[in-house]
Amino acid sequence: MGFLGKLFGKSTKQKETVVEENLKIGIVIGSVREGRNGEVVAKWVYDFATKRNDRVEYEIVDLKEYPLALLGANVADNEKHKAEMAAKDWSDKIASFDGYIFITPEYNHAIGGALKNALDYLNPEVNNKVAGLVGYGSLGGARAHENMRLILGELQVADVRTAVTFSLMTDFENMSTFTPADYHADNANQMLDQVIAWARAFKQIR
Ligand SMILES: Cc1cc2nc3c(=O)[nH]c(=O)nc-3n(C[C@H](O)[C@H](O)[C@H](O)COP(=O)(O)O)c2cc1C
């Protein structure tokens, strides 16, 4: 064993084989509105991401499947069990990921209330994890993204710089049929590259 080996307790000749597990990344649909555009945008992100050759398991997480009460609100006795189960399922599901892609519509220059309420249920589940942002709105959801970055900072989630911003005017027909321009692929790749790199790094410190 060489000098460095003695110092660090292993042979310097011995090569370490690090087998990296697949990362798990949740693609969270941030709207529960009937007729929402969020679903088709999430599907686009899922299809785009899974075509890349990353060692990542992607999963769409639909807020609609978690009928959360407004945090702290009084819930009728006959609804209590359902609300508690939804909160537990939501917490467990979110805790199972290394990182997230949040699909955020813009409502009144911020994220929607359903997503904010769902985020308010979380804290340790997301600490030291990573997020990428995909938005849509008249300005690509850019103002919702800035709002989201403040919230993620408080939850100790590292949000990556590059976001994907779909315009309701040019990436949708009649603001409802999704026709994304090709150039979004560059931003989506940059965003995913960074989310994956950071997610691997953050896994080491958790
Ligand atoms: C209550 C409400 C407020 C909105 N405010 C904004 C806004 O401030 N800026 C914007 O670009 N779009 C705004 N929109 C348009 C939404 O971004 C658009 O309807 C989007 O499709 C909503 O996401 P969803 O279809 O997934 O629910 C608003 C829509 C609603 C319903």
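My aim in this report is to walk through the structure given alongside it, one point at a time. (Residues numbered from 1 in each chain as written. Predicted model: local features only at pLDDT ≥ 70, side-chain atom pairs only at ≥ 80, totals over all residues. Heavy atoms only, no water.)

## Here we look at the pattern of salt bridges
For side chains bearing opposite charge, pairing can occur when the charged atoms are close. Counting across every chain of the model gives 17 salt bridges. Between Asp47 and Lys43 there is a salt bridge, with its nearest N and O atoms 2.9 Å apart. Taken together, the residues span about one helical turn, with Asp47 and Lys43 both in helix α2 (residues 38-51) at a distance of 4 residues. Residue classification places Asp47 among the partly exposed positions, given a relative accessible area of 27%. A residue is classified by how much of its surface remains accessible, and Lys43, at 44% relative accessible area, is partly exposed. (Salt bridge = Lys/Arg side-chain N within 4 Å of Asp/Glu carboxyl O. Helix = DSSP H or I, 4+ residues; strand = E, 2+ residues; numbered from the N terminus. Buried < 20%, exposed > 50% of the residue type's maximum accessible area, 1.4 Å probe, protein only.)

## Structural notes on the site of the ligand
Within the structure, the ligand sits among 15 residues, and Ser31, Asn37, Tyr107, Tyr136 and Ser138 are positioned closest to it. Between an oxygen atom of the ligand and a main-chain N or O atom of Asn37, the distance comes to 2.7 Å. Between an oxygen atom of the ligand and a main-chain N or O atom of Ser138, the distance comes to 2.7 Å. When isolated, the ligand has an accessible area of 620 Å², and the protein chains bury 75% of it. For the shell around the ligand, the class distribution of residues is 4 nonpolar, 7 polar and 4 charged. (Near = heavy atom within 4 Å. Polar contact = N/O pair within 3.5 Å; in protein donor to acceptor, adjacent residues only side chain to side chain. Areas by Shrake-Rupley, 256 points an atom, 1.4 Å probe, with all protein chains shown as cover. Nonpolar A, V, L, I, M, F, W, Y, C, P; charged D, E, K, R; others polar.)

## Quick word on the environment of Tyr58
Within the secondary structure, Tyr58 sits in strand β2 (residues 56-62). By relative accessible area, which is 9% here, Tyr58 ends up buried. Spatially, the C-alpha atoms of Tyr58 and Tyr100 are 9.2 Å apart, while their sequence positions differ by 42 residues. Setting aside chain neighbours within four positions, we find Tyr58 in contact with Ile25, Ile27, Tyr46, Ala49, Thr50, Leu192 and Ile196. (Contact = heavy atoms within 4.5 Å.)

## Some remarks on the packing of α2 against helix α6 (residues 184-205)
Running from N to C, α2 and α6 cross one another at 70 degrees; their axes reach a closest spacing of 11 Å. The angle between the axes of α2 and α6 places the two elements in the roughly perpendicular class. Taken as a pair, α2 and α6 cross one another with a handedness that is right-handed. Between α2 and α6, the residues in contact are Trp44, Phe48 and Ala49 and His184, Ala185, Ala188, Asn189 and Leu192, respectively. Of the residues belonging to the contact of α2 with α6, the class tally is 6 nonpolar, 2 polar and no charged. (Axes fitted to C-alpha atoms, helices over the stretch in contact; angles between N-to-C directions. Parallel < 35°, antiparallel > 145°, perpendicular 65-115°, else oblique. Left-handed = near helix turned anticlockwise from the far one by under 90°.)

## Observations regarding the nonpolar core
By size, the foremost hydrophobic cluster in this structure holds 29 residues, and its most contacted members are Val41, Tyr58, Ile101, Ile103, Val134, Phe166 and Met191. Among the elements of the structure, β1 (23-29), α2, β2, β3 (99-105), β4 (129-137), β6 (164-167) and α6 are those that each provide at least two residues to this core. Residues in contact with Ile103, not counting those within four places in the same chain, are Ile27, Val28, Ile29, Gly30, Gly38, Val41, Ala42, Val45, Val134 and Tyr136. In terms of nonpolar packing, the next biggest core, distinct from the first, is built from 26 residues, Trp90, Phe97, Tyr100 and Val157 among them. (Core = buried A, V, L, I, M, F, W, Y, C linked by side-chain atoms within 4.5 Å.)

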